Every structure is written in structure tokens, then in C-alpha cells.
Amino acid sequence: MKKYKIFLLLLCLMFILSGCKAKEKQTEETTKEPLKIESEEEVPEEEESEEQVQEPEEPQTNGKLIVIDPGHSGVVAQGTEPVGPGASEYKAADSGGTCGVSTGIPEYELTLTLSVKLKAELENRGYTVIMTRETNDVPMSCTQRADVANQNGADAFVRIHANGSENSGAQGAMTICTTPSSPYVPGLYSQSRALSDCIINHLCAATGCRSEGVWETDSMSGNNWSQVPATIVEVGYMTNPQEDQLMATEDYQNKIVLGIADGIEDYCF
């Protein structure tokens, strides 16, 4: 009888021990499962959080300010003005410019198109850019255009034009600046000449057009009234049928813009 009781006692002990192990195993499995699920859910939440924190980078500026002057306008400024500070000679405040012999595009439209593209290109390179006009219905005299550059302390005053000639075979690009003996802005000659050289060289390299070099003259009112380095860029002849058609294409316009922008960068840096 005593042996029988001992046997029952051992049997009960075995059942108790096996039940504890089963419960312990179940507890371990239950503990592991939530950990696995929690790990899978946390990773994407952290990744999404990092993506949301990212902000677009602000464009870097290079500290240079350029004033672009699209030549002429659809509404011509009336009257006359002195050709330069203190001059007794007077010239028309502005003119309508020339017109494409093949395309019929007026110069003021072409110059504004190029200027808008140039502004975007320069801003992408970090320049601050101001335009003397942004529409074709604004009359502006040459002195008013120069005042925009003067009042803003521009690093360069770049005036965009297209040429015209009675000779339909004339072609190519040129830049125009004041002379060393300018009675109006003699101290700016070296800077204006350097700006003109840089632009004409890069413009012709980018487009492959003929270079007519730099024309030095004190007859351009806008240059004479400018108190900052200034140049006129004659991008080509609208009176030449082939060159006129070429300047109307977006591909060639982009080459002109890249050439002028490269010239400005060469001058500024």
C-alpha cells in the first residue's frame, strides 16, 4: 500500500512538471511573436519619418547682380534726351529697332525672348537678375534703362539687341562699349571692354557665328549713362535672311543664351 501511494505521488509530480514546461514554452512563444511583429512595423515608420523631414535645398547665390536690358519695345518712348551726362547733343529716347527680313519678327520681340531665357540661365547659375522690361508694351528711354542698373548697383549691365544693315549679306555678332577717351564714363572703359570681350568670345564659340569683335563708340546713350560696366550685344543680323531664320529657332537661341551666360561668368569670376 505504501508503495502504491509513492507511485501515485510520483505520477502527480510528473504531470505537474510537464504542465509547467508546456506553460513556460507557450509563454516564450507568446513573448517572441509580438516582438517580431513590432520589429516589422517600426522600420517603415522610421523611414517615412526621415522622408518627411527632408526639405528642398534653397538655390545658392553667387553674390553677383546682373541687369539685362531687352533692346527697344513695342511701345516706343517719345522725345529726345542727352547722349550722355552733360552732353549738348541729343538723341531719340528710343527707336522701334529693326525687323526680321525673313521671319517678320520685330527686334523687340526677339530681344525679350532671349532676355527671358538668359535670366533663367543666369539664375540657375546663382546670379540675381533684374530686367529693365518684361513685356513689350512698356516704353523705356535709354537713360531709364541705365538707371535700373545704376540704382541697383549691378555688377554688369548687359543690353540685348539684334543688328540691321542695308547690306543683306552682313552677318555675325558684335559687342559695343565706350572708348578709353569717353567724356561720360572714362573710368569704366577697362571693365566695359573686358565684359564686351568675354561675351563676344563665348557667344561666337557657342553659336559658331562670325565675330565682328568689339566696337568702341561713345554714341550709345544707354552705355554713356551707365555708371556700371555696360555692353550692347548684337546677336546677329535680322536683315540677313539666313541669320534671321536661324535666330528664330529655339536651338540657336539657346546657344546664344549659353554663350552670353558663359561670357558673363568669365567676366565676373
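Model, not experiment: these values are computed from the prediction. (Residues numbered from 1 in each chain as written. Predicted model: local features only at pLDDT ≥ 70, side-chain atom pairs only at ≥ 80, totals over all residues. Heavy atoms only, no water.)

Student: Can you tell me about the sheet that holds strand E4 (residues 128-131), naming the residues and giving the values?
Tutor: The strand order across the open sheet formed by 6 strands is E4-E1-E5-E8-E6-E7, and the pairing between neighbours is mixed. A single partner strand is all that each edge strand has here, and the edge strands are E4 and strand E7 (211-216). Pairwise comparison of adjacent strand axes, ignoring direction, gives a mean angle of 20° for this sheet. Two strands pair when backbone bridges link them, and strand E5 (residues 156-163) and strand E8 (residues 230-237) are joined in this way by 6 bridges, in the parallel orientation. Within E8, the residue paired with His161 across the bridge is Glu234. In this fold helix H4 (residues 189-207) packs onto E5, strand E6 (173-177), E7 and E8, with an angle of close to 170° to the strand it touches most, E6. (Pairing = 2+ DSSP bridges. Helix = DSSP H or I, 4+ residues; strand = E, 2+ residues; numbered from the N terminus. Axes fitted to C-alpha atoms, helices over the stretch in contact; angles between N-to-C directions. Contact = heavy atoms within 4.5 Å.)

Student: Can you lay out the environment of Gly208 for me, pointing to particular residues and giving the numbers?
Tutor: As for its position among the elements, Gly208 is in the loop between H4 and E7. It is 9.3 Å that separates the C-alpha atoms of Gly208 and Gly172, two residues lying 36 residues apart in sequence.

Student: Let's hear about the nonpolar core: which residues, and what values?
Tutor: Residues Ile66, Leu122, Val158, Ile160, Val235, Ile260 and Ile264 are the most contacted members of the largest nonpolar core, which totals 35 residues. When residues of this core are traced back to their parent elements, those giving at least two are strand E1 (65-70), helix H2 (107-124), E4, E5, E6, H4, E8 and helix H7 (250-268). Every residue in contact with Ile260, bar those within four places of it in the chain, is listed here: Leu118, Val158, Ile160, Ile199, Leu203, Val233 and Val235. Core analysis: the second largest hydrophobic core is formed by 10 residues, Val67, Ala146, Phe157 and Val228 among them. (Core = buried A, V, L, I, M, F, W, Y, C linked by side-chain atoms within 4.5 Å. Buried < 20%, exposed > 50% of the residue type's maximum accessible area, 1.4 Å probe, protein only.)

Student: Please give an account of the pairing of E6 that cites residues and values.
Tutor: Here E6 lies mainly inside the structure; 5 of its 5 residues are buried. Residues Ala173, Thr175 and Cys177 point to one face of E6 and Met174 and Ile176 to the other, with burial holding for every one of them. Pairing analysis gives 4 bridges linking E6 to E7, with the strands arranged parallel. Residue pairing for E7: Ala173 is matched across the bridge by Ser211. Taken together, E6, H4 and E7 constitute a β-α-β crossover, and its handedness is right-handed. (Right-handed = clockwise from strand over helix to strand, strands pointing away.)

Student: Let's hear about unusual backbone geometry: which residues, and what values?
Tutor: Non-glycine residue His72 carries a positive phi angle of around 65°. Summarising the element assignment, His72 is placed in the loop between E1 and strand E2 (80-82).

Student: Account for the pattern of salt bridges, naming residues and giving values.
Tutor: Tallying each qualifying case throughout the model produces 12 salt bridges. Measuring nitrogen to oxygen at the nearest pair gives 3.6 Å for the salt bridge that ties Asp251 to Lys255. Taken together, the residues span about one helical turn, with Asp251 and Lys255 both in helix H7 at a distance of 4 residues. The class of Lys255 is partly exposed, set by a relative accessible area of 34%. Connected through salt bridges with shared partners, the residues Asp69, Asp94, Arg145 and Arg159 form a single ionic network. (Salt bridge = Lys/Arg side-chain N within 4 Å of Asp/Glu carboxyl O.)

Function cannot be read off these values alone, since they describe shape.
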